[in-house]
Amino acid sequence: MASVLAGKMGLNSLLRKQSRNFNVRICTMESDMEFSCEVKWKGKDLFDLVCRTLGLRETWFFGLRYNIKDTVAWLKMDKKVLDQEVPKEEPITFNFLAKFYPENAEEELVQDITQHLFFLQVKKKILEEEVHCPPEASVLLASYAVHAKYGDYDSSVHKPGFLAQEELLPKRVINLYQMTAEMWEERITACYAEHRGRTRDEAEMEYLKIAQDLDMYGVNYFLIRNKKGTDLLLGVDALGLHIYEPDNRLTPKCSFPWNEIRNISYSDKEFTIKPLDKKTNVFKFNSSRLRVNKLILQLCIGNHDLFMRRRWVDSLEVQQMKAQAREERARKQVERQRLQREKQLREEAERARDELERRLIQLQDEAHMANEALLRSEQTADLLAEKAQIAEEEAKLLAQKAAEAETEMQRIKVTAIRSQEERRLMEQKMLEAEILALKMAEESERRAKEAEQLKQDLQEAKESERRAKNKLLEITRIHLSPTPNSPRLPPDLSLSRENLSFDFKDTDMKRLSMEIEKEKVEYMEKSKHLQEQLNELKTEIESLKLKERETPLDIIHNQNTEQGTSKQSNFKKVISQLRAPHSVFQHRD
C-alpha cells in the first residue's frame, strides 16, 4: 500500500514538473488570492508576487505558511516551490501570515498595510485564545476594534444592539462572568465613545500597543525535552528564547535574550544554547521531530537577525519608507485638519440655518398674531359702527318724542284756560310735561354725546386697523429683505480642486517633528491613563466573575499581576545593553 501511494505521489510530481505552470491559492487575513506560477519559480518569486499584489514593502515580517501532516512549515525563499514538501493537490494553499513580530509596533511598523495585517492577525489570535488576554484588556481591545471598523461613535447611528453580530471577546472571557450580551456591549460602547477623533490606523495601532504587552504575544511555543528527559516548552519571540513549564505559558522559568546568547548550535535533534557568560551553564534540549527542529532554527535565525537589525542604522530603503510615512502622516494630518475645518463650517452653517429657521418661525408667529389683531380690530370697528348707528337712531327717536311732548304742552296751554280746575290740572300736567321734556332733552343730549363718542371710537378703531396693516407690511418686508444685521447663510462650502494640493515645507516637517516629540513626552501620561482605564474596567466587572470558571492561565495571570511580575517586566531589564556577536548560529548536518 505504501509503495502504491509513493508511486502516485511520484507520478503527480512528474506531471507537475512536465507542466509549465501550477496554481496557488494565497489566504490572507482579509481575502484569498489565486495565482498561476511557473514550475521554475522559487519561494521568493511567489512571495514577491504576493507582496506586490498587496502593496507591501515591509516584507521581512511575513512569510508563506503551509500545513504538512500534523505540523506547519514556512516556504523557503531560496528553493523551488515544487521541490519543497508543499501539499500535492492543486491549487496549492499557502497562508500569508506574520512570521516575526516587532519589539515595538509603533516604532517599527511603517506602512499602514503592514499595521493592518498585524492588527487582523493579532485580533484573530486573541479571539481564538491562542494569546491569553485578561478580561479588562479584552473589553478595551474590543472597543478599539469597533472604532477601527465603524469610525467615531455616533449615538444616533450606533444604537443598542449594533454589535450583536460582532465577535469581539474570547469565549473564555464571556463564560467567566454572569453578564449578558447587552451588558458586554454597554461596557464596550462606553470605551468606544471615548476614542472619538481617531482614524482607523490610529485605532489599530492603539490595539497593537495594548496587545504587545500581553505575555503570550508574538511567542511561538514548541514542546521540547531537556537532557534529563523533562517535558518543557520553548518559546521563541523577538526578544529571545524562553523556557516554560508545560502548564504555564505565561511565566518563563528562565530566559535567554538574544544579546546574552553567545552561540546556538544544532546537530541532529539536539539544540545547544551557550550563554555569553561562560559561568552560566549550557542549556541543551531536543525535539522528537526533524521538521519541528528546522522550524525552531528558522525562527531563531530570523528573530535574531531582526533583533540585530533594529539596533543598526536603518537601511536606505527603510529610511526612505519612514520618510514617506512621515510625509503621508503629515498629509493626512493636514487633510484631517481641513476636513475638521469643513465639518466645523458645516456645523456653523447648520446652526445659522437653524437660527434663521427659528427666526422665520418667530416672524411667522408675529405675522399671524398681527393678522389676528387686525381681524379683531376690524370686528371691533364693525361693532362700534353698529353701536353708533343704533345710538343715532335712538337720538332721533328721542328728539321726535321731545317734539311731540312740546306740541302736547302747547295744546295743554291752549286748553288750560277753560277752567281753573282744568287750568290747575293743566298746569300740573304742563309741569309734568316740562319735567318730562327736560328729561327727554337731557336724554337726547346724552344720546347725542354718546353717538359722538361712538363716532370717535370708530375713528380710533379705523386708525388701529391702519396701524396693524402697516405693521404686517413691515414684518413681511423684514422677512423678504433681510437687513445687514440679520443672520446670513455662510458662503458655499464647496472647494475648488486647488484646495486639495498641499506643499510640504521644511517648517511643516519641523512642526511635525515637534509634534512627534510632544507625543513621546505624553506617552507616559497615556500609559498611566490606560492602566487606570484597565483597572476601572476590572473593578466594574469583578463582582460578576465566576471564580470556579477561571482557567489555569487566568489564575497564573492574576498571581503575576498581584506580584507585579511578567515576562516583559523581567525580560526587558536583561536586554537593556547590547552585547551580541555578529552571528550566534551554527548548524551541523
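Residues numbered from 1 in each chain as written. Predicted model: local features only at pLDDT ≥ 70, side-chain atom pairs only at ≥ 80, totals over all residues. Heavy atoms only, no water.

### Focus on the overall build of the chain
Working step 1: From N to C terminus, the chain includes 14 helices and 13 strands.
Working step 2: Taking all 589 residues of the chain together, 38% fall into the buried category.
Working step 3: Partitioning the intrachain contacts of the chain with sequence separation of at least 6 by distance along the chain shows that 67% fall at a separation of at least 24.
Working step 4: Split by element, the accessible area of the chain, about 36000 Å² in all, is 51% carbon and sulfur. (Helix = DSSP H or I, 4+ residues; strand = E, 2+ residues; numbered from the N terminus. Buried < 20%, exposed > 50% of the residue type's maximum accessible area, 1.4 Å probe, protein only. Contact = heavy atoms within 4.5 Å. Areas by Shrake-Rupley, 256 points an atom, 1.4 Å probe, with all protein chains shown as cover.)

### Things to note about the pattern of salt bridges
Working step 1: Using the criterion set out here, one finds 26 salt bridges in the structure.
Working step 2: Between K209 and E206 there is a salt bridge, with the nearest N and O atoms lying 3.2 Å from each other. Note that K209 and E206 are positioned in helix α8 (residues 200-211) at a spacing of 3 residues, about one turn of the helix.
Working step 3: Exposure remark for K209: the relative accessible area of 12% places this residue in the buried category.
Working step 4: Each of D112, R200, D201, E204 and K332 takes part in one network of salt bridges that share partners. (Salt bridge = Lys/Arg side-chain N within 4 Å of Asp/Glu carboxyl O.)

### Brief notes about the packing of helix α4 (residues 112-127) against α8
Working step 1: In contact at an axis separation of 9 Å, α4 and α8 are set at 50° when each is read in the N-to-C sense. Put simply, α4 runs oblique to α8. Of the two possible hands of crossing, α4 and α8 adopt the one that is left-handed. Where α4 approaches α8, its residues D112, Q115, H116, F118, F119, V122, K123 and I126 are matched on the opposing element by R200, D201, E202, E204, M205, Y207, L208 and A211.
Working step 2: In terms of residue class, the contact of α4 with α8 is built from 8 nonpolar, 2 polar and 6 charged. (Axes fitted to C-alpha atoms, helices over the stretch in contact; angles between N-to-C directions. Parallel < 35°, antiparallel > 145°, perpendicular 65-115°, else oblique. Left-handed = near helix turned anticlockwise from the far one by under 90°. Nonpolar A, V, L, I, M, F, W, Y, C, P; charged D, E, K, R; others polar.)

### Things to note about the UniProt feature "binding site: a 1,2-diacyl-sn-glycero-3-phospho-(1D-myo-inositol)" (unreviewed entry) in the chain
Working step 1: The positions UniProt marks with the feature "binding site: a 1,2-diacyl-sn-glycero-3-phospho-(1D-myo-inositol)" (unreviewed entry) are K76, M77, D78, K79 and K294.
Working step 2: The topology assignment puts K294 in helix α9 (residues 290-310).
Working step 3: Residue classification places K294 among the partly exposed positions, given a relative accessible area of 42%. (UniProt positions renumbered as here; feature names shortened; annotations may be inferred.)

### Things to note about the packing of helix α5 (residues 135-150) against helix α7 (residues 181-193)
Each packed pair of helices is defined by two parameters, the angle between the axes and the distance between the axes.
Working step 1: Contact pair α5 / α7: the axes reach a minimum separation of 8 Å and the direction vectors enclose 65°. Classified by the angle between their axes, α5 and α7 sit roughly perpendicular to one another. As for how α5 packs across α7, the hand of that crossing is right-handed. Facing V139, L140, A142, S143, V146, H147 and Y150 of α5, the residues of α7 in contact are W184, R187, I188, C191 and Y192.
Working step 2: Counted by class, the contact of α5 with α7 contains 9 nonpolar, 2 polar and 1 charged residues.

### Re the nonpolar core
Working step 1: Among the nonpolar cores identified, the biggest contains 111 residues, and I26, F62, F94, F96, I126, Y207 and L241 are the most heavily contacted of them.
Working step 2: Here F96 is in contact with I26, C27, T28, F47, V50, C51, L54, L56, F62, G63, L64 and L117, once residues within four sequence places are set aside.
Working step 3: Ranked by size, the runner-up nonpolar core spans 8 residues in total, among them A381, L454, L458 and A461. (Core = buried A, V, L, I, M, F, W, Y, C linked by side-chain atoms within 4.5 Å.)

### Side note on the pairing of strand β3 (residues 62-68)
Working step 1: Most of β3 sits out of view: 5 of its 7 residues are buried.
Working step 2: Bridge count between β3 and strand β5 (residues 92-98): 4 bridges; the pairing is antiparallel. When the sheet's bridge partners are listed, F62 is paired in β5 with A98.
Working step 3: Pairing analysis gives 4 bridges linking β3 to strand β4 (residues 71-74), with the strands arranged antiparallel. If you follow N67 over to β4, its bridge partner there is V72.
Working step 4: Counting the residues that bridge the hairpin from β3 to β4 gives 2 residues, and of these K69 lies at a positive phi of roughly 55°. (Pairing = 2+ DSSP bridges.)

### So, helix α2 (residues 43-54)
Working step 1: Across its 12 residues, α2 extends 17 Å between first and last C-alpha, which sits within 8% of the 16 Å expected from 1.5 Å per residue.
Working step 2: Among all positions in α2, only G43, L46, F47, L49, V50 and C51 are buried.
Working step 3: Taken from the residues just after α2, G55 is the one with a positive phi, measuring 75°. (Expected span 1.5 Å × (residues − 1).)

### Notes on the packing of aromatic side chains
Working step 1: Applying the stated criterion across every chain, the model contains 18 aromatic pairs.
Working step 2: Here the aromatic rings of F62 and F118 are separated by 5.4 Å at their centres, their planes lie at 55°, and the arrangement is tilted. A residue pair is termed long-range when its members are at least 10 positions apart, and F62 in strand β3 and F118 in helix α4 qualify at 56 residues. Each member of the pair, F62 as well as F118, carries the same accessibility label: buried.
Working step 3: Ring-pair connections join several aromatic residues into one group, and the members of that group are F47, W60, F61, F62, F96, Y101, F118 and Y217. (Phe/Tyr/Trp six-rings, centres within 6.5 Å; stacked < 30°, edge-to-face > 60°.)

### Re the sheet that holds strand β2 (residues 32-38)
Working step 1: Taken in spatial order, the 5 strands line up as β2-β1-β5-β3-β4 in an open sheet, and their pairing is mixed. Looking at the sheet topology across the chains shown, the edges are occupied by β2 and β4. Strand-to-strand, the axes of this sheet are offset by a mean angle of 35°, without reference to chain direction.

### Re α4
Working step 1: The terminal C-alpha atoms of α4, which comprises 16 residues, lie 22 Å apart, in line with the 22 Å expected from a rise of 1.5 Å per residue.
Working step 2: Within the sequence span of α4, burial applies to T114, Q115, H116, L117, F118, F119, L120, Q121, V122, I126 and L127.
Working step 3: Against the buried residues of α4 lie α2, β3, β5, α5 and α8.
Working step 4: Looking at the residues trailing α4, positive phi occurs at E129, about 65°.

### Considerations on the confidence of the model for the chain
Working step 1: Chain-level pLDDT for the chain is 79 on average; 82% of the residues reach the 70-or-more range.
Working step 2: For residues 1-17, every residue scores under 50 in pLDDT, and the model assigns this stretch 11 contacts once sequence neighbours within four places are set aside. (pLDDT = per-residue confidence, 0-100.)

### Considering the environment of W258
Working step 1: For W258, the location among the structural elements is in the loop between β9 (254-257) and β10 (261-267).
Working step 2: Taking the C-alpha atoms as reference, W258 lies 6.3 Å from L239; in sequence the two are 19 residues apart.
Working step 3: Of note is the side chain of W258, whose polar atom sits 3.3 Å from the backbone oxygen of A238. (Polar contact = N/O pair within 3.5 Å; in protein donor to acceptor, adjacent residues only side chain to side chain.)

### With respect to the environment of K171
Working step 1: Counting through the fold element by element, K171 comes out in helix α6 (residues 171-175).
Working step 2: Its relative accessible area of 60% is what places K171 among the exposed residues.
Working step 3: For the pair K171 and L127, spaced 44 residues apart in sequence, the C-alpha separation works out to 7.6 Å.

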